[in-house]
Each structure stands twice: as C-alpha cells, then as structure tokens.
Amino acid sequence: MNDKNNDEKALITVEAYFDALSKETKQVLRELRECILEVAPDATELINYNIPAYALIKGGKREQQIMIAAYKNHVGLYPHPTTMEKFDSALIGFKKGKGSVQFPINKPLPKTLIKEMISYRMNLLKD
C-alpha cells in the first residue's frame, strides 16, 4: 500500500487523511488529535503506515510515536503496548489490542483518560 504506483489512493498528508472521512468520523478523529496535541504540543504530525502519527520526540520513529486511525464505527488510538498495559483496567469496556484501543464514534471520547495515556507515554520516552 506504500507504493504509490500500485495504489493511487495512498494518503500522503494528514489533512488528506482527514478530508477523506465522513463528517462525524472526522470530528471524532479531530478531537482525538486535539487530545494528543494538547499534551504534546511539540509533537511532529506525519503519516506512518498510511495513518496519522505524532512523533513525541524530534525525529521519533514508530516506537516514539502515537498513531490514530478512523474506521467505520470507531477511531483507533495506538499509544504503545506499555501504555496499554498500564491503563488496561481504565480501558475496561473498550475493545483493545496489544498496542491499541478502539473508541466508538457514537460515544464521547474519554478525553481525560486519553490525555493521561499520552502523558504517560511521553514520560516513558524521557527516561
């Protein structure tokens, strides 16, 4: 999917990613992005794996990024497995993976929790 010659729909900018979304999904994903940037105002916004990513440290590679994505019925937050492990009990009721959590589009985002997760990940990267 990264080969633009084979996939002309490959998204190359964060704005292009957002522009391709429905109004409702775009609003929820923008709220998720705002949570990240409120806690990490110096984060670098980029596309990684064809989804928006936020490098928490200058030049940060995948392990130093938080990623977000939009789907039909939810938005995904990919903060890192260490963060998911730390907040496992706080995320009861949400569908989770090893390094990700899904937030339904039709429910308010748990913004305070999301910001705590981002802050936790940033603190781990400082050590």
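Criteria and cut-off values
- Residues numbered from 1 in each chain as written.
- Predicted model: local features only at pLDDT ≥ 70, side-chain atom pairs only at ≥ 80, totals over all residues.
- Heavy atoms only, no water.
- Helix = DSSP H or I, 4+ residues; strand = E, 2+ residues; numbered from the N terminus.
- Rg over C-alpha atoms; globule rule 2.2 N^0.38 Å.
- Buried < 20%, exposed > 50% of the residue type's maximum accessible area, 1.4 Å probe, protein only.
- Phe/Tyr/Trp six-rings, centres within 6.5 Å; stacked < 30°, edge-to-face > 60°.
- Pairing = 2+ DSSP bridges.
- pLDDT = per-residue confidence, 0-100.
- Contact = heavy atoms within 4.5 Å.
- Salt bridge = Lys/Arg side-chain N within 4 Å of Asp/Glu carboxyl O.

Enquirer: What should I look at first to understand the overall build of the protein in this one?
Expert: A count of helical and extended segments in the protein gives four helices and five strands. For the protein, the succession of helices and strands along the chain, N to C, is α-α-β-β-β-β-α-β-α. On C-alpha atoms alone, the protein measures out to a radius of gyration of 14 Å, which is about the 14 Å that the 2.2 N^0.38 rule sets for 127 residues. If you line up the protein on its principal axes, its C-alpha atoms span 40 × 35 × 25 Å.

Enquirer: I keep staring at the environment of Asn 73 and nothing clicks. Help me out?
Expert: Summarising the element assignment, Asn 73 is placed in the loop between β3 (65-70) and β4 (74-78). With relative accessibility at 55%, the residue Asn 73 sits in the exposed group. Each C-alpha atom of the pair Asn 73 and Pro 104 lies 5.9 Å from the other, and the pair is 31 residues apart in sequence.

Enquirer: Can you walk me through the packing of aromatic side chains in this structure?
Expert: The description of an aromatic ring pair rests on the distance of the ring centres and on the angle between the ring planes. Counted under the stated rule, the structure contains three aromatic pairs. Note on Tyr 17 and Phe 18: the rings are 6.4 Å apart at their centroids and 75 degrees apart in plane angle, and the pair reads as edge-to-face. Across the pair, exposure class does not vary: Tyr 17 and Phe 18 are buried alike. Measuring from ring centre to ring centre gives 5.1 Å for Phe 94 and Phe 103, while their planes differ by 75 degrees; the resulting arrangement is edge-to-face. Residue classification places Phe 94 among the partly exposed positions, given a relative accessible area of 23%.

Enquirer: It is not clear to me how the pairing of β4 should be interpreted in this structure. Could you clarify?
Expert: For a regular strand, side-chain orientation follows a simple rule: the groups alternate between the two sheet faces. Across the five residues that make up β4, a large majority, five, are buried. In this structure, the hairpin formed by β3 and β4 is closed by a connection of three residues.

Enquirer: Could you clarify how one ought to interpret unusual backbone geometry in this entry?
Expert: Excluding glycine, a negative phi dihedral is what most residues carry, and trans is how most peptide bonds are arranged. Residues other than glycine seldom take positive phi values, yet Tyr 49 does so here, at roughly 55 degrees. Relative to the assigned elements, Tyr 49 resides in the loop between β1 (44-48) and β2 (51-55). By relative accessible area, Tyr 49 is classed as exposed at 56%. In this structure, His 80 takes a positive phi of about 130 degrees despite not being glycine. Structurally, His 80 is set in the loop between β4 and α3 (81-86).

Enquirer: Would you explain the confidence of the model for the protein in this entry?
Expert: The predicted coordinates should not be examined in detail at positions where pLDDT is low. On average, residues of the protein score 90 in pLDDT, and 91% of them are at 70 or above. Of the regions scoring below 50 in pLDDT, residues 1-8 engages in six contacts with residues more than four places distant in sequence or in other chains.

Enquirer: Help me understand the pattern of salt bridges in this model?
Expert: Between side chains of opposite charge, a pair can form when the charged atoms approach closely. Using the criterion set out here, one finds six salt bridges in the structure. A salt bridge links Lys 111 to Glu 31; its shortest N-O distance comes to 3.6 Å. Residue Lys 111 is found in helix α4 (residues 111-126), and its partner Glu 31 is found in helix α2 (residues 23-39); the two are separated by 80 residues along the sequence. Across the pair Asp 88 and Lys 96 runs a salt bridge, and its minimum N-O distance is 2.9 Å. When its relative accessible area of 40% is taken as the criterion, Asp 88 is described as partly exposed. On the basis of relative accessible area, Lys 96 is assigned to the partly exposed category, the value being 33%.

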